[in-house]
Amino acid sequence: MLISGAEAVVRVLLEQGCDTVFGYPGGQVTDLYDALYRKRRCIRHILTADEQGAAHAADGYARASGRTGVVLATSGPGATNLVTGIATAYLDSVPMVAVTGNVSCRQIGRDSFQEVDIVGVTMPVTKHNFIVKHAEELPDTLRTAFRIAKSGRKGPVLVDIPRDVQTARCHFEAQDGPVPAEPVRTADADGLAAAAALLSQAVRPFIYFGGGILSGDASAELTALADRLDAPMGCSLMGLSAVPSDHPRFLGMMGMHGSAAAAAAEDEADLVLALGVRFSDRATGDQHRFARHAQIIHIDIDNAELQKNIPAVLDLCGDVKDALTRLLDLLPQQHHPAWSRRIASLRRREAQHAVPQSRSAGTLHPYTVIDTLQRYAAGAVIVTDVGQHQMWTAQRYPFTEPRSFLTSGGLGTMGFGLGAAVGAWLATGKRPVLFTGDGSFGMNLNELATAVSERVPVVIAVMRNGTLGMVRQWQRLFFGGRYAATTLSRQTDFVRVAEAFGAHGMHADSLESLNAAAEAAFSAKGPFVIDCAVSPDELVLPMLPPGGSVENIITEYP
Amino acid sequence: MNTLKKPEPVNRLYVIGVLVANISGVLSRVSGMFTRRGFNIDSLTVGETESSGFSRITIAFHGDEDIKERIIRQLDKLHDVREVEVMEQNETVTRELLLIKVRNCAEYRQDLMSAVEIFRSKIVDYSASAVICELTGETSKIDAFIDLMKPFDILEMCRTGIVALERGENCLKTVR
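Residues numbered from 1 in each chain as written. Chains lettered and ligands numbered in written order. Predicted model: local features only at pLDDT ≥ 70, side-chain atom pairs only at ≥ 80, totals over all residues.

Draft legend 1. The overall build of chain B, seen in detail. In terms of helices and strands, chain B carries four helices and nine strands. Listing every helix and strand of chain B by position from the N terminus yields β-α-β-β-α-β-β-α-β-β-α-β-β. Viewed in the frame of its principal axes, chain B has a C-alpha envelope of about 65 × 40 × 35 Å. Looking at chain B as a whole, 22% of its 176 residues are labelled buried. Across chain B, contacts joining residues at least 24 apart in sequence account for 76% of those joining residues at least 6 apart. (Helix = DSSP H or I, 4+ residues; strand = E, 2+ residues; numbered from the N terminus. Buried ≥ 20, exposed ≤ 12 C-beta atoms within 10 Å, placed from the backbone. Contact = placed C-beta atoms within 7 Å.)

Following this line, the structure appears as structure tokens:
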């Protein structure tokens, strides 16, 4: 069948099971948009406020559902607006296909209007990218892009399509269904046997897991192994929601704002089993002193992560679900009563720090905001932006379901949340609850427009402290209280902002007003902003200073 | 699986052969990985292979075992990279080619000619004012020859960087 390149793109998207495209039209994608319009009953297009929002939405769609997110943008500024969103997905291993238009082949390299070498620009932040210069190659290239995005360690792939390739005719042969992912690599048997032997000799084992457990769908296997090993668990930011927060073996998040109990357990352990995690500096602190008394066994799907940041005595490349399943066959039940008692006492000590009390009148403690909204938010997808509110949410929110926590971990992208919340809603139909700050929300609040037009019932809790709180915290602790450029002398009224966009909102500065706002927010049909007054003096504690170690942890206000 | 007992880091020259799909942009992907991750390249050569679908890149760099291992794993991850191999010194034939232009001057012409002869270099261009010599050999030989040419007023030179093939019948395979 002879069809246009643009039509081939839409047919391949359908064939790959894509039901939603996030995007923004422009001069070099009008043919693609025309082809999409003709298939509008099969693929819905979500018009965002800008392309960055579209990329975050495709990312949120993928994180919440596990399916590949698709984003479409025009050449030049459209394409460059995607970059932060693509990089966000890349650092957190989120499957995404970004399609961009470009100027016609003969115009490339002449600095034509809205021409940018987006393949060059995105090379460092994609798993792979393509520019397609012949329409005949278009269908298979796009299929390959989907295959790469969802195979092994997942990630974003960009396909750049010059305008003349969209209009040229090509042969199209329909395929039955989505391209299969590449066969998963599995850990080798000798390595697993060696791992089982090490695990059975451990006296104080500790499990450190990351986002690989979520993308590898290995939550059940993980908790089964923790039980078998009689070991406590801690996770990276990306691992949150893989096991229920109240799981008796779960000590919480590790790292810069992780739980002190998890840090102490890691420090005292004689063996660390690291699963689907990459030892980011934010999770380990000083990488030379991380788990300094322990032998480390590292299992990950990406061979390049092994021995990269932390030397492991044993590293295994392979799918984590498969590796855990086979480890369970090899490892007899372990018992570590003394270690378990030690863990229980670490846990009790930590619990004493967790009582919320706001630091000035007329403000809410961040934990109070989280605890209150959480009572209304059963079954919700929790989304954050980046900063103090993100860490408070990560520390405090009681997650129960895998993929119920969406946050920009690796790149730390302020402005990620609202777009991601829109994507999560469209993928799952679960109400998103966005915890954000006045800094982050200010970056991309234009996506309120999208949330209103798509009737996304997102509850947005803005922890408004009038500062860029996380940087301010560093300034307070490490820069002698010199608050350079972190005080927001703004007069933005987020409730009126919400109303101006056609959404609703309420202010909250007390438990009563917060409860009233939550009542209204969780019965709203569309987006609802709760403007929560928070003291600028609240800190995220505990804090492991950058490059520090367990003995440097700050647990008290200075 | 890799059970790694940390050896003392020894900094040395590594030469790796990388077989890549012959696609535009592949050289930037490979060299970009080095820049991005802070690895240094001593020399890089690229050219066609016996099969039109593939190019072969030979990269020389200094580093320890740890750095070499990270480089290999990162290269292996690139979609267009088909095969990566460390070319171990005693199992590898390595060559470089040098073109060097020196001033043609009666005063030292005789010394120049003997150096050319001893190194089995070739004169590939000769004019009244300048001479171009060609030399192939291992890096150490090229270095020694350049040293010898220094007194003769080097006008310009260029060297290709290392190319390398494994001795015996083993090859970098074109099918993974």
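Here the narrative resumes.
Draft legend 2. Region of the structure containing the interface of chain B and chain A. With 17 residues of chain B at the interface, the matching set in chain A holds 19 residues. Of all elements in the fold, only helix H1 (26–36) and helix H2 (65–77) of chain B reach the threshold of two or more residues within the side of chain B that touches chain A. At six residues, H2 of chain B tops the list of elements feeding residues into the side of chain B that touches chain A. Across the side of chain B that touches chain A, the residue classes break down as two nonpolar, seven polar and eight charged. (Nonpolar A, V, L, I, M, F, W, Y, C, P; charged D, E, K, R; others polar.)

Draft legend 3. Focus on the packing of helix H3 (residues 51–65) of chain A against helix H17 (residues 417–428) of chain A. All names here are of chain A. Look at H3 against H17: their axes get within 6 Å of each other, and the N-to-C directions meet at 45°. Judged by the inter-axis angle, H3 sits oblique to H17. Like other packed secondary-structure pairs, H3 and H17 cross with a definite hand, here right-handed. Between H3, through Gly-53, His-56, Ala-57, Ala-58, Asp-59, Gly-60, Tyr-61, Arg-63, Ala-64 and Ser-65, and H17, the contact on the second element is made entirely by Gly-419, Ala-420, Ala-421, Val-422, Gly-423, Ala-424, Leu-426, Ala-427 and Thr-428. (Axes fitted to C-alpha atoms, helices over the stretch in contact; angles between N-to-C directions. Parallel < 35°, antiparallel > 145°, perpendicular 65-115°, else oblique. Left-handed = near helix turned anticlockwise from the far one by under 90°.)

Draft legend 4. A look at the domain arrangement of chain B. All names here are of chain B. As assigned here, chain B comprises domain 1 (12–91) and domain 2 (95–163). For domain 1 and domain 2, the distance between their C-alpha centroids amounts to 29 Å. Contacts between the two partners involve six residues from domain 1, matched on the other side by four residues from domain 2. Secondary-structure elements contributing two or more residues to the side of domain 1 that touches domain 2 are strand E2 (43–48) and strand E3 (54–63). Here the side of domain 1 that touches domain 2 gets three residues from one element, more than from any other, and that element is E2. (Domains from an automatic or database assignment.)

Draft legend 5. Seen up close, the sheet that holds strand E17 (residues 432–437) of chain A. All names here are of chain A. Strands sit in the order E16-E15-E17-E18-E20-E19 across an open sheet of six strands; the sheet is parallel. What marks the edges here is a single partner per strand, and that holds for strand E16 (405–406) and strand E19 (504–508). Bridging between strand E18 (residues 459–464) and strand E20 (residues 528–533) involves six bridges; their strand directions are parallel. Bridge pairing links Arg-464 to Ala-533 in E20. Those strands touched by helix H15 (residues 366–376) are E17, E18 and E20, and its axis lies near 170° from that of E18. (Pairing = 2+ DSSP bridges.)

Draft legend 6. Spatial organisation of the packing of helix H1 (residues 5–15) of chain A against helix H6 (residues 138–150) of chain A. Residue and element names in this part refer to chain A. Across the interface, H1 lies against H6 with an axial gap of 9 Å and an inter-helix angle of 35°. Where H1 crosses over H6, the handedness of that crossing is right-handed. Counted together, Gly-5, Ala-8, Val-9 and Val-12 of H1 and Leu-138, Pro-139, Leu-142 and Arg-143 of H6 form the full contact between these two elements. Grouping the amino acids of the contact of H1 with H6 by side-chain chemistry returns six nonpolar, one polar and one charged.

Draft legend 7. Local environment of the environment of Asp-147 of chain B. Residue and element names in this part refer to chain B. Its place among the elements puts Asp-147 in helix H4 (residues 139–149). By C-beta crowding, Asp-147 is classed as exposed, having 9 other C-beta atoms within 10 Å. With 56 residues separating them in the primary sequence, Asp-147 and Glu-91 have C-alpha atoms 28 Å apart.

Draft legend 8. Region of interest: the domain arrangement of chain A. Residue and element names in this part refer to chain A. Here chain A is partitioned into domain 1 (2–171), domain 2 (189–351) and domain 3 (366–540). Between the C-alpha centres of domain 1 and domain 2 there is a distance of 37 Å. Across the side of domain 1 that touches domain 2, the residue classes tally to no nonpolar, two polar and three charged.

Draft legend 9. Focus on the nonpolar core. Grouped together as the largest cluster of nonpolar side chains are 186 residues, with contacts concentrated most on Val-9, Val-71, Ala-461, Ile-530 and Cys-532 of chain A. Apart from residues lying up to four places away in sequence, Val-9 of chain A is in contact with Leu-32, Ala-35, Val-99, Leu-138 and Leu-142 of chain A. Formed by 19 residues, the second largest nonpolar core is a distinct cluster that contains Val-20, Val-81, Ile-162 and Ala-164 of chain B. (Core = buried A, V, L, I, M, F, W, Y, C linked by C-beta atoms within 7 Å.)

Draft legend 10. Structural detail: the environment of Leu-14 of chain A. Residues and elements named next belong to chain A. Tracing the sequence through the fold places Leu-14 in helix H1. Judged by the 14 C-beta atoms lying within 10 Å of it, Leu-14 falls in the partly exposed class. Considered as a pair, Leu-14 and Cys-42 are 28 residues apart in the sequence and their alpha carbons are 7.6 Å apart. Ignoring anything within four residues of it in the chain, the contact list for Leu-14 reads Lys-39, Cys-42 and Ile-43.

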